[in-house]
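Each chain, written out:
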Amino acid sequence: MSEQIQNIIYQKPRKWSALVVGRAGLDLYPQPSGSKTKLAESFASDVGGSGGNIAIAMKRSGGNIGLISALSDDPVGSFVKNRLIAEGIDIHLLQTTRGNERTSLAIAEERPTDCEVVIYRNNPADLQIVFDKNVELAILNSSNLVVTGTSLIDEHSRKQVLKMMSHATKNDCKVWLDLDYRHWNWPDEGATRSAYQKAEKLSDVIVGNEEEFKILNDDLNIQVKECISKNKIMILKKGENGCTLFSGNCTLKTGIYKSKIMKPYGSGDAFLGNLIMNYMAFGDWKKAAEAGSAAAAIVVSKKGCASAMPSNKEIKLLQDSTSIQPKTEWS
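A quick note: this is a predicted structure, and the numbers were derived from the prediction, not measured.

Caption draft 1: Structural detail: the overall build of the chain. Secondary structure assignment for the chain yields ten helices and 15 strands. Here the C-alpha atoms of the chain give a radius of gyration of 19 Å, agreeing with the 20 Å that 2.2 N^0.38 yields for 331 residues. Over its C-alpha atoms, taken along the principal directions, the chain stretches across nearly 55 × 45 × 40 Å. Residues counted as buried form 54% of the 331 residues belonging to the chain. Put simply, of all contacts in the chain between residues at least 6 apart along the chain, 72% involve residues at least 24 apart. A total accessible area of about 14600 Å² is found for the chain, and carbon and sulfur atoms account for 48% of it. With 41 positive and 38 negative side-chain charges, the chain shows a spacing of 4 Å between the two charge centroids.

Caption draft 2: View of the sheet that holds strand β9 (residues 144–148). Read from one edge of the open sheet, nine strands run β4-β1-β9-β10-β11-β12-β13-β14-β15, paired in mixed fashion. Two strands lie at the open edges of the sheet, namely β4 (65–68) and β15 (329–330), each paired on one side alone. Here two bridges tie strand β14 (residues 250–254) to β15, and the two strands are oriented antiparallel to one another. Bridge pairing links Lys253 to Glu329 in β15. Lying on the sheet, helix α4 (residues 155–170) is in contact with β1 (18–21), β4, β9 and β10 (174–178); it crosses β9 at an angle near 155 degrees. On the sheet, helix α7 (residues 220–229) packs against β11 (205–209), β12 (233–237) and β13 (243–247) and is oriented at approximately 150 degrees with respect to β12.

Caption draft 3: Looking closely at the pairing of strand β7 (residues 105–108). In this sheet, β7 lies alongside strand β2 (residues 25–31) in parallel orientation, the contact comprising three bridges. Within β7, the residue paired with Leu26 across the bridge is Leu105. In terms of strand pairing, β7 meets strand β8 (residues 117–120) through four bridges, oriented antiparallel. In the strand pairing of β8, Ala106 is matched with Ile119.

Caption draft 4: Fine view of the nonpolar core. Ranked by size, the top nonpolar core spans 51 residues in total, and within it Met58, Leu84, Val146, Trp176 and Trp285 carry the most contacts. The element that contributes the greatest number of residues to this core is helix α9 (residues 285–300), accounting for nine residues. Look past the residues within four positions of Trp285 in its chain and what remains in contact with it is Ile5, Gln6, Asn7, Ile8, Trp176, Ile233, Leu245, Ser247, Leu252, Leu275, Tyr279 and Trp330. Formed by 39 residues, the second largest nonpolar core is a distinct cluster that contains Val135, Leu177, Ile206 and Cys227.

Caption draft 5: The arrangement of α9 in detail. For α9, which comprises 16 residues, the first-to-last C-alpha distance of 23 Å matches the rise-based estimate of 22 Å (1.5 Å per residue) to within 8%. Of all 16 residues making up α9, 14 are buried, and the element is well covered by its neighbours. In this structure Asp284 caps α9, since a side-chain oxygen of it lies 2.8 Å from the backbone nitrogen of Lys286.

Caption draft 6: How the structure looks around the pattern of salt bridges. Evaluated as defined, the whole model comprises 17 salt bridges. Between Glu116 and Lys36 there is a salt bridge, and its shortest N-O distance comes to 2.8 Å. Remark: Lys36 occurs in the loop between β2 and β3 (42–48) and Glu116 occurs in the loop between β7 and β8; sequence separation between them is 80 residues. We note a salt bridge from Arg102 to Asp74, for which the minimum N-O separation is 3.8 Å. You can see Arg102 sitting in the loop between β6 (95–97) and β7 and its partner Asp74 sitting in the loop between β5 (70–72) and α2 (75–86), a full 28 residues away along the chain. Judged by its relative accessible area of 43%, Arg102 falls in the partly exposed class. For Asp74, a relative accessible area of 17% gives the class buried. Each of the salt bridges in this network shares a partner with another, and the network as a whole consists of Lys36, Glu109, Arg111, Asp114 and Glu116.

Caption draft 7: Examining unusual backbone geometry more closely. Between Gln31 and the following residue, Pro32, the backbone shows a cis peptide bond with an omega angle of 0 degrees. Positionally, Pro32 belongs in the loop between β2 and β3. That bond from Gln325 to Pro326 is cis: its omega, -10 degrees, falls within 30 degrees of zero. Residue position: Pro326 is located in the loop between α10 (312–321) and β15. Positioned with a positive phi, Asp180 is a non-glycine residue whose angle comes to about 50 degrees. Tracing the backbone shows Asp180 in the loop between β10 and α5 (189–200).

Caption draft 8: Examining the sheet that holds β8 more closely. If you walk across this open sheet you meet the four strands as β3-β2-β7-β8, and the pairing is mixed. A strand with exactly one partner marks an edge of an open sheet, and here the two such strands are β3 and β8. Recorded for the sheet is a direction-independent mean angle of 20 degrees between the axes of neighbouring strands. Sheet strands in contact with α2 are β2 and β3, and its direction is about 60 degrees off that of β3.

Basis of the calculations
Residues numbered from 1 in each chain as written. Predicted model: local features only at pLDDT ≥ 70, side-chain atom pairs only at ≥ 80, totals over all residues. Heavy atoms only, no water. Helix = DSSP H or I, 4+ residues; strand = E, 2+ residues; numbered from the N terminus. Rg over C-alpha atoms; globule rule 2.2 N^0.38 Å. Buried < 20%, exposed > 50% of the residue type's maximum accessible area, 1.4 Å probe, protein only. Contact = heavy atoms within 4.5 Å. Areas by Shrake-Rupley, 256 points an atom, 1.4 Å probe, with all protein chains shown as cover. Lys, Arg positive; Asp, Glu negative; His and termini not counted. Charge placed at Lys NZ, Arg CZ, Asp CG, Glu CD. Pairing = 2+ DSSP bridges. Axes fitted to C-alpha atoms, helices over the stretch in contact; angles between N-to-C directions. Core = buried A, V, L, I, M, F, W, Y, C linked by side-chain atoms within 4.5 Å. Expected span 1.5 Å × (residues − 1). Polar contact = N/O pair within 3.5 Å; in protein donor to acceptor, adjacent residues only side chain to side chain. Salt bridge = Lys/Arg side-chain N within 4 Å of Asp/Glu carboxyl O.

By themselves, these observations are geometric and do not establish any function.
Here it is, written out as structure tokens:
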């Protein structure tokens, strides 16, 4: 079995465990916790966005992490930057916009059901990123480049990110693509598919749920076969049904750690960040997927999003006290 599994090999340690490309923004949560936005008495703040969340998840898992994004030159951008610094994220690759662009804002209800999330992304600052000399050099010194699909929605940003991915593949920096599909970001599914297919060609690992993979390819079975033929890893997230990882000619099915759900978001970012860091540490897809599943369970049970990302100690405590169901198995 082990000889048939497609593994990722890291030749030697580099300065950064990973560089994450994507959105970092301001999150507001209606208070008291559990309130509907329209009935909120006040709001609690946090840093958020898929890029920011994944970066913080990886940092808390023990990584040395840099974020490639852009923030507006205003108090909101400064808030996000300060919170990233407090979390220990390397911000030297953060770029600053000087025009009318704005750092993204999300208002997210902390409710297990009937949970509404409103995201303001009018002329977003993070889509102004540039593949400059600093980014070029940083990729040479990073083990991984983690790309979120939201960074591909704009023509300018997409061009810059694809350059980063191409540079990474040429220099043994492993590329992880989180499809991260949100229909309102895109003009139509055709445009999304075209962008995803370009990014897929430059990726070592592709991560998404069934809806996202069907944007990439109408037939999920064909998508799996294509990944296998190209020596790519495919990770299919299935929510409360765990995930399925396709590696070489082998399939790994992972369950979940059950927890009391406070809100339904943040789990995917926690899962991916911890899966990557644990795979780097142990070179074992099973251990990595289970750690990712545990991290996801913890995040949906806590307030906030980035601030809810667990430490390795929290993950171990959950795994010691709760069994993953169903059991993780290769086939």
